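Structure at a glance
The chain contents come next:
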Protein chains: 4
Amino acid sequence: MAGNIFGSVLKITTFGESHGAALGCVLDGVPAGIEISAKEIQVDLDRRRPGQSKVTTSRKEGDRVEILSGVFEGKTLGTPIALLIRNENQKSGDYSKIKNIFRPGHADFTWEKKFGIRDFRGGGRSSGRETVARVAAAALAKKILVKKRIQVLAHAESIGCVEAEAFDPKNIQKNSVRCADSSAAKEMEKVILEAQKRGDSVGGIIGIIVRNVPAGLGEPVFDKTEALLARALMSIGGVKGIEFGVGFAATKLFGSEMNDELISLCKKKTNRAGGIAGGITDGDEILIRLAVKPTASISISQNTVDSKGKAKKIQISGRHDPCLVPRIIPVAEAMVQLVLADLLLAGKNDKI
Amino acid sequence: MAGNIFGSVLKITTFGESHGAALGCVLDGVPAGIEISAKEIQVDLDRRRPGQSKVTTSRKEGDRVEILSGVFEGKTLGTPIALLIRNENQKSGDYSKIKNIFRPGHADFTWEKKFGIRDFRGGGRSSGRETVARVAAAALAKKILVKKRIQVLAHAESIGCVEAEAFDPKNIQKNSVRCADSSAAKEMEKVILEAQKRGDSVGGIIGIIVRNVPAGLGEPVFDKTEALLARALMSIGGVKGIEFGVGFAATKLFGSEMNDELISLCKKKTNRAGGIAGGITDGDEILIRLAVKPTASISISQNTVDSKGKAKKIQISGRHDPCLVPRIIPVAEAMVQLVLADLLLAGKNDKI
Amino acid sequence: MAGNIFGSVLKITTFGESHGAALGCVLDGVPAGIEISAKEIQVDLDRRRPGQSKVTTSRKEGDRVEILSGVFEGKTLGTPIALLIRNENQKSGDYSKIKNIFRPGHADFTWEKKFGIRDFRGGGRSSGRETVARVAAAALAKKILVKKRIQVLAHAESIGCVEAEAFDPKNIQKNSVRCADSSAAKEMEKVILEAQKRGDSVGGIIGIIVRNVPAGLGEPVFDKTEALLARALMSIGGVKGIEFGVGFAATKLFGSEMNDELISLCKKKTNRAGGIAGGITDGDEILIRLAVKPTASISISQNTVDSKGKAKKIQISGRHDPCLVPRIIPVAEAMVQLVLADLLLAGKNDKI
Amino acid sequence: MAGNIFGSVLKITTFGESHGAALGCVLDGVPAGIEISAKEIQVDLDRRRPGQSKVTTSRKEGDRVEILSGVFEGKTLGTPIALLIRNENQKSGDYSKIKNIFRPGHADFTWEKKFGIRDFRGGGRSSGRETVARVAAAALAKKILVKKRIQVLAHAESIGCVEAEAFDPKNIQKNSVRCADSSAAKEMEKVILEAQKRGDSVGGIIGIIVRNVPAGLGEPVFDKTEALLARALMSIGGVKGIEFGVGFAATKLFGSEMNDELISLCKKKTNRAGGIAGGITDGDEILIRLAVKPTASISISQNTVDSKGKAKKIQISGRHDPCLVPRIIPVAEAMVQLVLADLLLAGKNDKI
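One structure accompanies this document, and this report is about it. (Residues numbered from 1 in each chain as written. Chains lettered and ligands numbered in written order. Predicted model: local features only at pLDDT ≥ 70, side-chain atom pairs only at ≥ 80, totals over all residues. Heavy atoms only, no water.)

It is worth spelling out the interface of chain C and chain D at this point. Facing 107 residues of chain C, the contacting portion of chain D comprises 107 residues. The largest contributions to the chain C side of the interface with chain D come from Met1(C), Lys114(C) and Phe222(C), which together make up 11% of the buried area. Remark: the boundary between chain C and chain D carries 10 salt bridges. In this structure, Lys114(C) and Glu219(D) form a salt bridge, with 2.9 Å as the shortest nitrogen-oxygen distance. On inspection of chain C and its partner chain D, the count reaches 43 residue pairs in polar contact (both at pLDDT 80 or more). A per-class count over the side of chain C that touches chain D returns 49 nonpolar, 32 polar and 26 charged. Pairing of strand β11 (residues 239-244) of chain C with strand β11 (residues 239-244) of chain D, which is carried by three bridges, proceeds in the antiparallel orientation. Within β11(D), the residue paired with Ile242(C) across the bridge is Ile242(D). (Contact = heavy atoms within 4.5 Å. Buried area = accessible area lost by both parts, 1.4 Å probe. Salt bridge = Lys/Arg side-chain N within 4 Å of Asp/Glu carboxyl O. Polar contact = N/O pair within 3.5 Å; in protein donor to acceptor, adjacent residues only side chain to side chain. Nonpolar A, V, L, I, M, F, W, Y, C, P; charged D, E, K, R; others polar. Pairing = 2+ DSSP bridges. Helix = DSSP H or I, 4+ residues; strand = E, 2+ residues; numbered from the N terminus.)

Another point: the packing of helix α5 (residues 225-234) of chain D against helix α7 (residues 325-346) of chain D. Residues and elements named next belong to chain D. It is the contact of α5 with α7, at a shortest axis distance of 9 Å, that shows an interaxial angle of 145°. Considering the relative orientation of α5 and α7, their crossing is right-handed. In contact with Thr225, Leu228, Leu229, Ala232 and Leu233 of α5, α7 contributes Ala332, Met335, Val336, Val339 and Leu343. Of the residues belonging to the contact of α5 with α7, the class tally is nine nonpolar, one polar and no charged. (Axes fitted to C-alpha atoms, helices over the stretch in contact; angles between N-to-C directions. Left-handed = near helix turned anticlockwise from the far one by under 90°.)

Turning our attention to the interface of chain A and chain C. With 13 residues of chain A in contact, the opposing surface of chain C contributes 13 residues. Sorting the residues of chain A by area buried against chain C places Lys348(A), Asn349(A) and Ile352(A) first, and these three jointly supply 52% of that buried surface. Here chain A is connected to chain C by zero salt bridges. Grouping the constituent residues of the side of chain A that touches chain C by class yields seven nonpolar, two polar and four charged.

Moving on, we get to the packing of aromatic side chains. Under the definition given, this model contains 18 aromatic pairs over all chains. The ring of Phe254(C) carries Arg198(D) above its face, with NZ or CZ at 4.6 Å from the centroid. (Phe/Tyr/Trp six-rings, centres within 6.5 Å; stacked < 30°, edge-to-face > 60°. Lys NZ or Arg CZ within 6 Å of the ring centre and 35° of its normal.)

Under the criterion given, the structure shown has 117 salt bridges over all chains. In this structure, Asp350(B) and Lys114(A) form a salt bridge, with 2.9 Å as the shortest nitrogen-oxygen distance. Within this pair, whereas Asp350(B) is found in the segment after α7 (325-346), its partner Lys114(A) is found in helix α2 (residues 108-115), the two belonging to separate chains. Across the pair, Lys114(A) and Asp350(B) agree in class, each one buried. Look at the salt bridges and you will find they share partners, linking Arg48(A), Glu61(A), Asp63(A) and Arg129(A) into a network. (Buried < 20%, exposed > 50% of the residue type's maximum accessible area, 1.4 Å probe, protein only.)

Below, the discussion takes up a positive patch on the surface. The grouping of Lys148(A), Lys348(A), Lys148(C) and Lys348(C) at the surface amounts to a positive patch. The topology assignment puts Lys348(A) in the segment after α7 (325-346). (Patch = residues over 30% accessible without salt bridge, like charges linked within 9 Å, V, L, I, M, F, W, Y side chains within 5 Å. Areas by Shrake-Rupley, 256 points an atom, 1.4 Å probe, with all protein chains shown as cover. Lys, Arg positive; Asp, Glu negative; His and termini not counted. Charge placed at Lys NZ, Arg CZ, Asp CG, Glu CD.)

Superposing chain C onto chain D requires a rotation of 180° together with a translation of 0.0 Å along the rotation axis, leaving an RMSD of 0.0 Å. Read as a symmetry element, the transformation amounts to a two-fold axis. Taking the C-alpha atom as reference, chain C places Arg231(C) closest to the rotation axis, 2.4 Å from it. A share of 100% of interface residues in chain C that are also interface residues in chain D marks the association as one of identical surfaces. (Least-squares fit on C-alpha atoms with pLDDT ≥ 70 in both.)

Glancing now at the nonpolar core. Core analysis: the largest hydrophobic core is formed by 170 residues, its most contacted members being Ile208(A) and Ile208(B). Once residues lying within four places of it in the same chain are set aside, the contact partners of Ile208(A) are Val152(A), Leu153(A), Ala154(A), Leu233(A), Ile286(A), Leu287(A), Ile288(A), Leu290(A), Ala332(A) and Val336(A). Among the nonpolar cores identified, the runner-up in size contains 169 residues, and Ile206(C), Ala141(D), Ala230(D) and Leu340(D) belong to it. (Core = buried A, V, L, I, M, F, W, Y, C linked by side-chain atoms within 4.5 Å.)

As a further point, take the relation of the copies chain A and chain C. Mapping chain A onto chain C is achieved by rotating through 180° and translating by 0.0 Å along the same axis, at an RMSD of 0.0 Å. In this assembly, 100% of the residues forming the interface of chain A have copies in chain C that are likewise at the interface, indicating an isologous arrangement.

Attention now goes to the sheet that holds strand β2 (residues 11-16) of chain D. Residue and element names in this part refer to chain D. An order of β1-β2-β3-β7-β4 is seen for the five strands of this open sheet, with the pairing classed as antiparallel. For this open sheet the edge positions go to β1 (5-6) and β4 (65-67), each flanked by a neighbour on one side alone. One ladder, built from six bridges, connects β2 with strand β3 (residues 22-28); its direction is antiparallel. From the neighbouring strand, Thr14 faces β3, where its bridge partner is Cys25. Those strands touched by helix α1 (residues 38-48) are β4 and β7 (81-86), and its axis lies near 150° from that of β4.

Shown next as structure tokens:
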């Protein structure tokens, strides 16, 4: 299986370890004739880049993208597009002391079990740094979505116990936590910094809204839109749950409360289903919520074992995000974009 | 894309409409030499079969399975295994009056949009009846899991507002709602029957526990165990959310509360992660919760439109499950079994 | 891998053993809205059916096809189309004496080695009977090709040492060997019957011409049109070689003799390349030649070993085709149709 | 479809245009724990590299490979292995004058038709230069084969009308045409240089022998060993035909002459089938022959049209191989290695 290829018509292969030479991706199946430049992709990478605010890791990475193939005179050729991002600031020295010890909440133990070998520097490929390649790939997917005016918007719904109460999309880019509620944002930032001061970390919920989705996307029965989105989003490290529309709250409703009545051929009275029925989009906004766990890397002392099974204390001292929510937001958007672009291309063959 | 093929090493193709001639599946990639009989598969189908208790639809289907290929003298040949289940009790007459009207909460509108044509009889392929082929396929997957003693157990955690408080697996098969708490089960049954009497329906939560999972399953980065399970389970009609381990509750914990400390090379102090770290199983139980919405088919009058967009009232009178939870339980187990069998086979090539 | 699924956008899964309950296929990815009936598919199956002339096996099979799913009121639904052909005339008794002996030129030994088990009755899935499912599937592919007026035509170019010298397509259906040259056909038939009388078999060459192919089909670099066609056609049992255009003769030409000069944007002076350049169709006829070996089943006594490795004599007495060429012709057409329909659908996403 | 991903368990994605920034590949599915270094891969690339003898193009390319990911401390990690080869000697100036003109025998016209855009510099991705990524990928595949002592050997069987008459593998690396017959090699070289002097090119036949293949590889029915090898080898630009064992000569044999009698459980009297029966390897040598057309690029004046359809004369003046056979030999070996490594990994799941 090997799991590093994503998509059905638009196929993305990503590669790279946190402290290896480089990360990157190859996109196969991008239609010819799309205008794209490294500069445009860079804008998206910069949004994901670490070291941008006080609530993110201080690791500085330029994350400069280079287009290696598939683009000629500013347009896609229909051939594979390879994108390269070199690692610049590896600081491998930070990690040598954890070479033989398993960090709680991390993938150290499981990857060792699976492969019998692992790149212990910064988690290797299990590092969140891997997602830079996803965001780069999505810059192309976005170009396909934009033809249909489809827009994907992710934001912090809650951090720890602080919940957003207002929703003004313009605010999202204005605060360090990417929350659409400015005053909640301040509280969220405070919660993060307090946890960080104690050497601890916090989790939160990401809301995702997709606008202008045409009705008719999705490939039942196994590739229903929710199924593909769930797989895509659950493949982001740190995500522990997902719900669509009213989600878990649906379990406490009656059918008469849950069903969205149709008002016309393009309008429903409510959108409790979250824009998908029978696995196919209904033309309404797709509504998703993601549960993000608190960062596993904390500097508080924890019990664990080493590779021989001997009990050890561990205190993780590197540069880490005290909360993953703001960092995952652009990655979540990227994954949704990759899925929807794939479904749009697949949909060309729905009817004869 | 077309979405009716599932799995990577063990590939399952399902087919069939609710009121067509038959449903079934073809499994490609089942190793040779596995003992299997139609009788064994039948046991699983009987568990999923409608008409077994007062809380399920009264539609009577024999759901008799026939093995068409791939099995010889009681053993798998390594060739594709085709399984056939004929529809016996279609009652197409029930459905003709909804031919040109879109049922709220159903896939009628979206499938029409996508394909420009649909089998309106009982929802066609968007019917839950499609899942019979999944359960049949999983009977083979289970044979692969059993060699590792892996056991998948699903049960009703809540129905409407009634929550299970005790957990004794022996109880699951003893009540109509498949709850591990006998006294909660009675309350749940009551809630379902009351809703049904009013022509309404209820939702609920399914808990899934997977035991004896070896450490090392999962194929990061895109085919992480959670990602594959989420896709598999979200592809079941009516499921609106999924969480692993503590799930959404993780969003309110600190890292120091969330991380599972290691006690030895095969034991953690806690299992908040739900048996998976970095997308790979850690040897602990996999813990999943599924949000199931209330059945869309209700006999209470609802507003909707017809295929011309004209406002209509609709009252659905057929035979329907007032609650999907008990029916989905064996299907959820099937999907987990298919994913884990696939990962076990894929895992053969982890190391040289 | 498991190898029973074919195609990329239009995915065909076939199943079935020669003497099992049934053979069949499931097609996933057929666009909705295509008119199709069992009767139409039957026409193609009848062309492949055994027992039609003195040069084919006398095994009588009705090969009646049943559409199990995916078609409603005479049109495809966009859902998987399952087609079923039951085995009627298995005569399993014929085969029991070869249960533990490996027939020369057959797959008995290799399948035993691979799977450790085999259905020894008539070769099981390694029987040419498997191809009935391919022909059934191609009936749908043909419906996609017909919209572009694409026509695939296969015929006997040679049988043993007899070569066709004239080419009149009208003749192909008029003689038992499916040769476009009526007088050569008579000689070919004679060669086959003489070999059969001696208990022997003969081989031959199949020519394939594809007309009205639009320019632009093919997916370089690995899914070039020749690459996909070669795989598809080499997957037919008994085919030992394939060439495109002038084929092996190209190896003795100079570049100045081989290159096809362009006369206009839709015409070349010659077609030595066989309608494909750089893996993509050029709008000219696709020209293919297939080498078909003589049937492995002969009643002349041969040396072999049994499953313990002990030397044995074997004389195969069942009903067998003395020459595979006429039987393979409709199967070769089917495989070309499946590839081209797949490429046509994939091509929808060439450009933005 | 998009065609740049190859393989089922061991998946290779290649990218790159002839005159773009770089070429390369990503391998997903390589087991962990394989020792590999850039130096080892370089040895294979050097064998394919242009400019090594008087019968190959004078284009000088360093073809230096860099390992970007998937290897740590000299061993594979089980994560994707990305390999990068930068283009150094593009000389784009050479190509500007053919920007709007279609070279006969080349892919210019067909790629333009398909994508509506093309990188006209040196053929872009339709250039043979693309194969450098295949050879790099195969260096890893070879590591898997070597565990089973499988050895793939390709050599020039004929160039133009000169045929090899002796076969001594030691000679292959000793002459510029890679022929196993030293005296034929001299004649072959002469034929090539004479054609080149006239501005013309020649074709030839490549023989491939695979030794120490275990019995049991291949995935019928569609992924038979011949089918996968045919697809892999026909995907190399310039290959117009392929045959296995006696190949086309089989069409003139009787069954009694063609069948390979078994002498023991590991030995046949003959190997006319070429090491494969029923799509599965039989433990004997795999024998393949490839038809390679003469190079399309010739400096003799040819008739063609420009992008408006206007008649033009063209004389191609760049640096080109006068014969593709010696250059394709390492690429053919690479493709066979990729297929067999894939089948070896897939075969792990043949039996329970």
